[in-house]
Amino acid sequence: MADRPRALLAMSPEFLPLLFPDPLMRRLRDALDVDPGLVAQDFADPAVQPVWAEAEVLVSSWGVPRLDAEALAKAPRLRAVLHAAGTVKSIVAQEGWERGLAVSSSSGANALPVAEYTLASILMAGKGIFNLREDFRAQRSFTLGYVHPEVGNFGRTIGIVGASKIGRRVIELLRPFDFDVLVADPYLDEAEAAELGAELVDLDSLIAQCDIVSVHAPDLPETAKLISAERLAAMKDGTVVVNTARGRLVDTDALTAEVAAGRLSAVIDVTHPEPLPADSALYDLPNAFVTPHVAGSHGNELSRMGLFMVEEAERWVRGEDLAHRVDPTTLWRQA
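This is a predicted model, so every value here is computed, not measured.

Asks: Where do I start with the overall build of the chain in this structure?
Replies: Within the chain, the regular secondary structure consists of 13 helices and twelve strands. Overall, the C-alpha framework of the chain stretches about 70 × 45 × 35 Å when taken along its three principal axes. Residues classed as buried in the chain amount to 50% of the 335 residues present. Accessible surface, the chain: about 16,200 Å² in total, of which carbon and sulfur atoms supply 52%.

Have a look at this one:
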């Protein structure tokens, strides 16, 4: 179609076929005048500059160059950024927001597998699967019909720290189960929490009451060690800490000490530092389940992130509002 908006792809090239496999690339090209053979990694590249100068839409992902004043000056027609990845904090400079760029992100798509990982972790932690697996591995036998009195998912109290996109999705996924769900978030009110299906409490109340505490707050200076040594110490014996947010939100040394003492357990996909040192006790402790930052989109899940932005491109050309538009006024407190 001759009237398709001109667009440019910008990302590390290895991500292009994962984000936009052939069926999605065909849809993207139906909506936008975009060349899949030209993937920008530098807006100053002579091969990129002619297209950049005409581009109305940037389709980006991991590895996109920063949209600073210099880059934007060379793209006077740019009106929209469709980012097939998570945060745009480090990508769009203030000049882009001042221009009024419509910026959309696939952070909502990336929230889905993280929430699914979290749900699986909560259910397995509630059943005591991680400790029981280690016991079974060591003993190579078990007593048929023995009832483990310390496990079970009926009536557990689950605490969600942060009503982020991921936190909200986790609350939604918990609805079919027999859990009491508490949420702590300074930007949430009681009515909104109730609508989500949770009870709003302050963080310290959540910490004291919950059997499983799942962290979904953003990584900000003020959230560093949000789950501090003092808060870990205030958790009930047997509490499980699940962290799929960022490692800096939890005091790693204090968590390691509590887990090593056997008082708490942990399911952690993110750590600080990341990865943990090779001699970290968390690798070997039976009540710590450590995974290598895999909760987010991997493999075929990347194409869902591409799909979100293909659908945004289709909305854009139809003159509709973007469904996943980033609000610059609240971006500072998001992940």
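Now that the structure has been shown, we can carry on.
Asks: For this particular structure, what's the right way to read the sheet that holds strand β6 (residues 157-161)?
Replies: Working definition: the strands of a sheet are paired by backbone hydrogen bonds and lie parallel or antiparallel to each other. If you walk across this open sheet you meet the seven strands as β8-β7-β6-β9-β10-β11-β12, and the pairing is parallel. On the outer flanks of this sheet lie β8 (199-200) and β12 (288-290), each paired with one strand and no other. Of the pairings in the sheet, the one linking β6 to strand β7 (residues 180-184) comprises five bridges and is parallel in character. Among the inter-strand pairings, I158 is bridged to a residue of β7, identified as V181. Packed on one face of the sheet, helix α12 (residues 252-260) meets β10 (240-243), β11 (265-268) and β12 and runs near 130° to β11.

Asks: Is there a simple way to think about the sheet that holds strand β1 (residues 7-10) in this case?
Replies: Read across the open sheet, the five strands follow the order β2-β1-β3-β4-β5; overall the sheet is parallel. The open sheet terminates on both sides in strands that have one partner only, identified here as β2 (39-40) and β5 (102-105). As paired elements, β1 and β2 share two bridges and run parallel to each other. Within β2, the residue paired with L9 across the bridge is V39.

Asks: Mind showing me how you'd approach the domain arrangement of the chain here?
Replies: Where interface size is quoted, it is often the accessible area lost as the parts come together. Looking at the assigned domains, one finds that the chain contains domain 1 (7-107 + 299-333) and domain 2 (110-290). The C-alpha centroid of domain 2 is placed 35 Å from the C-alpha centroid of domain 1. The interface of domain 1 with domain 2 comprises eight residues on the first partner and ten residues on the second. Between domain 1 and domain 2, roughly 820 Å² of surface is buried when both sides are summed, and carbon and sulfur atoms account for 53% of that area. Interface area lost by domain 1 to domain 2 is led by S107, R304 and R333, which between them contribute 58%. Connecting domain 1 to domain 2 are zero salt bridges. Joining domain 1 to domain 2, the criterion identifies four residue pairs in polar contact (both at pLDDT 80 or more). The class makeup of the residues in the side of domain 1 that touches domain 2 is two nonpolar, two polar and four charged.

Asks: Would you explain a nonpolar patch on the surface in this entry?
Replies: On the surface, a nonpolar cluster with roughly 400 Å² of combined accessible area is contributed by F136, F142 and L144. Secondary-structure assignment places L144 in the loop between α7 (129-139) and β6.

Asks: What's the story with the packing of aromatic side chains in this structure? I'm lost.
Replies: Remark: the centre distance and the inter-plane angle together describe each pair of aromatic rings, the angle taken between the planes. Here the structure, examined in full by the defined rule, presents six aromatic pairs. A centroid spacing of 6.0 Å and a plane angle of 40° characterise the contact between F177 and F179, whose relative ring orientation is tilted. Residue class for F179 comes out buried when judged on its relative accessible area of 11%. Seen from their ring centres, Y187 and W332 are 6.1 Å apart, and the 85° between their planes marks the pair as edge-to-face. Here Y187, found in the loop between β7 and α9 (190-196), pairs with W332, found in the segment after α13 (302-317); they are 145 residues apart in sequence, far enough to count as distant. Residue Y187 is classed as partly exposed on the basis of its relative accessible area, which comes to 46%.

Asks: Would you explain helix α2 (residues 22-31) in this entry?
Replies: Side chains of residues three or four places apart in an α-helix project in the same direction, reflecting 3.6 residues per turn. When we look at burial in α2, the residues that qualify are L24, M25, L28 and A31. Down the axis, α2 shows its buried residues gathered within 120° of arc, on one side only. Exposed and oriented more than 90 degrees from the buried face of α2 are D22, R26 and D30. On its buried face, α2 is in contact with β1, α1 (16-19), β3 (57-60) and α13.

Definitions and cut-offs
Residues numbered from 1 in each chain as written. Predicted model: local features only at pLDDT ≥ 70, side-chain atom pairs only at ≥ 80, totals over all residues. Heavy atoms only, no water. Helix = DSSP H or I, 4+ residues; strand = E, 2+ residues; numbered from the N terminus. Buried < 20%, exposed > 50% of the residue type's maximum accessible area, 1.4 Å probe, protein only. Areas by Shrake-Rupley, 256 points an atom, 1.4 Å probe, with all protein chains shown as cover. Pairing = 2+ DSSP bridges. Contact = heavy atoms within 4.5 Å. Axes fitted to C-alpha atoms, helices over the stretch in contact; angles between N-to-C directions. Domains from an automatic or database assignment. Buried area = accessible area lost by both parts, 1.4 Å probe. Salt bridge = Lys/Arg side-chain N within 4 Å of Asp/Glu carboxyl O. Polar contact = N/O pair within 3.5 Å; in protein donor to acceptor, adjacent residues only side chain to side chain. Nonpolar A, V, L, I, M, F, W, Y, C, P; charged D, E, K, R; others polar. Patch = residues over 30% accessible without salt bridge, like charges linked within 9 Å, V, L, I, M, F, W, Y side chains within 5 Å. Phe/Tyr/Trp six-rings, centres within 6.5 Å; stacked < 30°, edge-to-face > 60°. Arc of directions from axis to C-beta.

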